[in-house]
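# Breakdown of the fold
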Amino acid sequence: MNNQLVDPFGRRITYLRLSVTDRCDFRCTYCMSEDMVFAPREQILSLEELYNVADAFIGLGVKRIRITGGEPLVRKNLISLLTRLGQRPELEDLAITTNGSQLADLTPQLRAAGVKRLNVSLDSLQRERFAAFTRRDKLDQVLDGIEVARAAGFSKIKLNTVVQKGRNDDEVLDLVEFAMARGLDISFIEEMPLGSITSHQREQTFCSSDEVRERIEQRHTLVRSSKLTGGPSRYWRVVGSDTQVGFISPHSHNFCGDCNRVRVTAEGKLVLCLGHENALDLKTLMRTHPGDSHRLREALLNALQLKPERHHFESDAQVQVVRFMSMTGG
């Protein structure tokens, strides 16, 4: 049996984003609705099923796994899964994307489990604005978590900021300098048209990566970086600093040509592309044929032949994918 995941366009899949829950203790306006209805718990993959999915991908050449949510750190007994994955020598990188709310308490356990890198969402440094974005007044809690994580010695901590015109684009420089002062990296993200929202009009708040970069270059010199993380960010280095600034530009600079990743949702759906609804139901397969790792690997190999060449996101506010990002995994 072929033991590598290669799509019809010759792209080798080496990176899995594995969602462990659709639940979150925040309600970020671009990610979910205030009255979000979560999946029944029996529909969510068990920790054993999540490990079996990861194991199948590792056996097919995946070298990097990022644990996502919802907010992954609210998943009960998550550390046990992370510890098992952290013991896999084939994995070059085990990382987590988090909103940071639980970091102050869980950082020691994450480090001990083998997590190497963190991505922390941070859309504002202003308390009221942060509360408006997340619908939760927990900025101090997140900032405390970042400081605890900094002291713990992760190989890299990166901030993620979704930039919206008229809402937080005036904080771009503040956020870059916050990262620079703490030896962190930061990525600025163009909002993706995932899920129907009512908090803002996406076509009015769209802010391109080029606009963000121009703002930064009003004060700092950026030079192209050769840094590669396996994700969609394109990096620039701030001259005179260790900070790398990334731009995730699904609208303005399509990043699909070298896509090396797939996602598995907390409900066990294999999502081949963020910009497409089609997905393979791994949960039903695993629960119908428990313990059949050969069948699971074959299903993954076959599914990869349906991976599209690219997404076609537009910035005209039309919802192109009805599922929220929280349901897919960051």
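Rules and cut-offs
- Residues numbered from 1 in each chain as written.
- Predicted model: local features only at pLDDT ≥ 70, side-chain atom pairs only at ≥ 80, totals over all residues.
- Heavy atoms only, no water.
- Helix = DSSP H or I, 4+ residues; strand = E, 2+ residues; numbered from the N terminus.
- Buried < 20%, exposed > 50% of the residue type's maximum accessible area, 1.4 Å probe, protein only.
- Contact = heavy atoms within 4.5 Å.
- Core = buried A, V, L, I, M, F, W, Y, C linked by side-chain atoms within 4.5 Å.
- UniProt positions renumbered as here; feature names shortened; annotations may be inferred.
- Polar contact = N/O pair within 3.5 Å; in protein donor to acceptor, adjacent residues only side chain to side chain.
- Axes fitted to C-alpha atoms, helices over the stretch in contact; angles between N-to-C directions.
- Parallel < 35°, antiparallel > 145°, perpendicular 65-115°, else oblique.
- Left-handed = near helix turned anticlockwise from the far one by under 90°.
- Nonpolar A, V, L, I, M, F, W, Y, C, P; charged D, E, K, R; others polar.
- Pairing = 2+ DSSP bridges.
- Phe/Tyr/Trp six-rings, centres within 6.5 Å; stacked < 30°, edge-to-face > 60°.
- Lys NZ or Arg CZ within 6 Å of the ring centre and 35° of its normal.

### Some words on the overall build of the protein chain
Along the protein chain, the regular secondary structure elements total 11 helices and 12 strands. In the protein chain, which comprises 330 residues, the share counted as buried stands at 56%. Sequence separation of at least 24 residues holds for 74% of the intrachain contacts in the protein chain that already meet a minimum separation of 6.

### Focus on the nonpolar core
Counting 85 residues, the largest nonpolar core has Ile65, Leu110 and Phe188 as the members making the most contacts within it. Broken down by element, the residue count for this core peaks at eight residues, all from helix α1 (residues 47-59). When residues no more than four places from it in sequence are discounted, the contact partners of Phe188 are Thr161, Val163, Val172, Leu175, Val176, Val212, Ile216, Val245, Gly246, Phe247 and Ile248.

### A look at the UniProt feature "binding site: S-adenosyl-L-methionine" (unreviewed entry) in the protein chain
Here, UniProt's "binding site: S-adenosyl-L-methionine" (unreviewed entry) annotation points to Tyr30, Gly70, Ser121 and Met192. Among the structural elements, Tyr30 can be located in the loop between β1 (15-19) and α1. Under the relative-accessibility criterion, Tyr30 is labelled buried at 14%. At a separation of 2.5 Å, a polar atom in the side chain of Tyr30 contacts the side chain of Asp123.

### Describing the UniProt feature "binding site: [4Fe-4S] cluster 1" (unreviewed entry) in the protein chain
Under the feature "binding site: [4Fe-4S] cluster 1" (unreviewed entry), the UniProt entry names Cys24, Cys28 and Cys31. Within the fold, Cys28 resides in the loop between β1 and α1. Residues in contact with Cys28, not counting those within four places in the same chain, are Phe133, Thr134 and Arg135. Tracing the backbone through its elements, the reader meets Cys31 in the loop between β1 and α1.

### Brief notes about the packing of α1 against helix α2 (residues 78-86)
Viewed as axis vectors pointing N to C, α1 and α2 meet at an angle of 20°, and their least axial separation amounts to 10 Å. As the angle between them shows, α1 and α2 are arranged roughly parallel. Viewed along their axes, α1 and α2 form a crossing whose handedness is right-handed. On α2, the residues that touch Leu47, Glu48, Leu50, Tyr51, Ala54 and Ile58 of α1 are Ser80, Leu81, Arg84 and Leu85. Split into classes, the residues belonging to the contact of α1 with α2 amount to seven nonpolar, one polar and two charged.

### A short note on the sheet that holds strand β7 (residues 222-224)
A sheet is described by the order of its strands in space; here 12 strands give the open sequence β7-β8-β9-β6-β5-β4-β3-β2-β1-β10-β11-β12, paired in mixed fashion. Edge positions in the sheet fall to β7 and β12 (279-281), since each of these pairs with one other strand and no more. Ignoring strand direction, the axes of neighbouring strands in this sheet form an average angle of 25°. Examined bridge by bridge, β7 and strand β8 (residues 234-238) share three bridges and lie antiparallel to one another. By the bridge assignment for β8, Leu222 is matched with Val238. Helix-sheet contacts for helix α6 (residues 172-182) involve β5 (156-163), β6 (185-190) and β8, and the interaxial angle to β6 is about 150°.

### Quick word on the packing of aromatic side chains
Counted according to the given criterion, the structure contains two aromatic pairs. With a centroid separation of 5.9 Å and an interplanar angle of 85°, the aromatic rings of Phe26 and Phe130 are classed as edge-to-face. One end of the pair, Phe26, is in the loop between β1 and α1; the other, Phe130, is in helix α4 (residues 127-134), with 104 residues separating them in the sequence. Phe130 sits in the buried class, given a relative accessible area of 2%. A cation over a ring is seen here: Arg111 above Phe154, with NZ or CZ 5.3 Å from the ring centre. Residue placement shows Arg167 over the ring face of Phe133; its charged tip is 5.0 Å from the ring centre.

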